[in-house]
Amino acid sequence: TWAAGECAAGSVEYSRQARQGDFVWMKADAGSAGTVTMSFDGKEVPCYTNGDGKRDCYASVLPDTQPGNKKLLLKADGKTHVTRTIKIVRRGFPLLPLTLTNDKKALLNGEDRADEIQKIRAALHTESAERLRKSLFELPVKGTIESQFGEKRTVDGKTRPGFHRGLDIGVPEGTLISAPSDGRVVLAGMFTEEGNMVMLDHGQGIVTAYLHLSE
């Protein structure tokens, strides 16, 4: 443990390999350490104590993360105690050509929605210490997968920056949407690009969002 300032051999579990679009994780017996964090690819995320008394740490691997070996750093009270190497593997993402009306293109190109973006980012960065989810995550609705996470989009033959950050599931209008696990609402309302949207905090840095809702 880290009670004496060092990590015992064999007390750290971690992912050795992850694909673009997946996540990396670490689990460690941090003893009496106060703040424990994990650093990956320039991001530092908090680690949380769960049922087994160990600290769980998770960080997303973005679809545009460069493949190759990267470092996982585990820190206690600001000091690095563990360094491990993880291999990021390339993953193929689809390319989707979009056909948009001029009205839709105007929404993408011209609207000033700084206030909306600020609200969305604040909700996405919710870090509740309590683990609210009590089960494995399930799909919020069963339907046709119409657009994949991580895919690139083109409009008028030009590739748009970034990548699709969600999974589009097509169902008839009015279909009820279920929470995939226990959580609490941290944002709900109408937004320019997202339409009617609800965001749920599941605790310990996991937030899910439901966009393009009829109500």
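Bear in mind that the values here come from a model prediction, so they are computed numbers and not experimental data. (Residues numbered from 1 in each chain as written. Predicted model: local features only at pLDDT ≥ 70, side-chain atom pairs only at ≥ 80, totals over all residues. Heavy atoms only, no water.)

(A) Representation of the sheet that holds strand β7 (residues 55–60). Strand order in the open sheet formed by 4 strands is β1-β3-β7-β6, with antiparallel pairing between adjacent strands. The sheet is open, and its two edges are formed by β1 (12–14) and β6 (48–49), each paired on a single side. One ladder, built from 6 bridges, connects strand β3 (residues 23–28) with β7; its direction is antiparallel. Pairing of Ala28 across the sheet is with Arg55, part of β7. (Pairing = 2+ DSSP bridges. Helix = DSSP H or I, 4+ residues; strand = E, 2+ residues; numbered from the N terminus.)

(B) View of the nonpolar core. In terms of nonpolar packing, the biggest core is built from 22 residues, with Val24, Met26, Met38, Phe40, Leu72 and Leu74 touching the most fellow members. Broken down by secondary-structure element, the contributors of at least two residues to this core are β1, β3, β4 (36–40), β7, β8 (68–76) and β9 (79–89). For Leu72, the residues in contact, after removing those within four places along its chain, are Tyr14, Ser15, Val24, Trp25, Met26, Met38, Ser39, Phe40, Val82, Thr83, Arg84 and Ile86. Residues Ile120, Phe191, Met197 and Met199 belong to the second largest nonpolar core, which totals 7 residues. (Core = buried A, V, L, I, M, F, W, Y, C linked by side-chain atoms within 4.5 Å. Buried < 20%, exposed > 50% of the residue type's maximum accessible area, 1.4 Å probe, protein only. Contact = heavy atoms within 4.5 Å.)

(C) Spotlight on the sheet that holds β4. As summarised here, the arrangement of the 5 strands in space is β2-β9-β8-β4-β5, forming an open sheet in which the pairing is mixed. Edge positions in the sheet fall to β2 (17–19) and β5 (43–46), since each has one partner strand and no second. Strand-to-strand twist across the sheet, computed as the mean angle between neighbouring axes with direction ignored, equals 30°. Looking at chain direction, β8 and β9 are connected through 9 bridges and run antiparallel. If you follow Ala76 over to β9, its bridge partner there is Lys79. (Axes fitted to C-alpha atoms, helices over the stretch in contact; angles between N-to-C directions.)

(D) Layout of the environment of Lys119. When you line up the elements, Lys119 lands in helix α2 (residues 114–124). The sequence separation of Lys119 and Ile88 amounts to 31 residues, and the corresponding C-alpha distance is 32 Å.

Interpretation in functional terms is not warranted from these geometric data alone.
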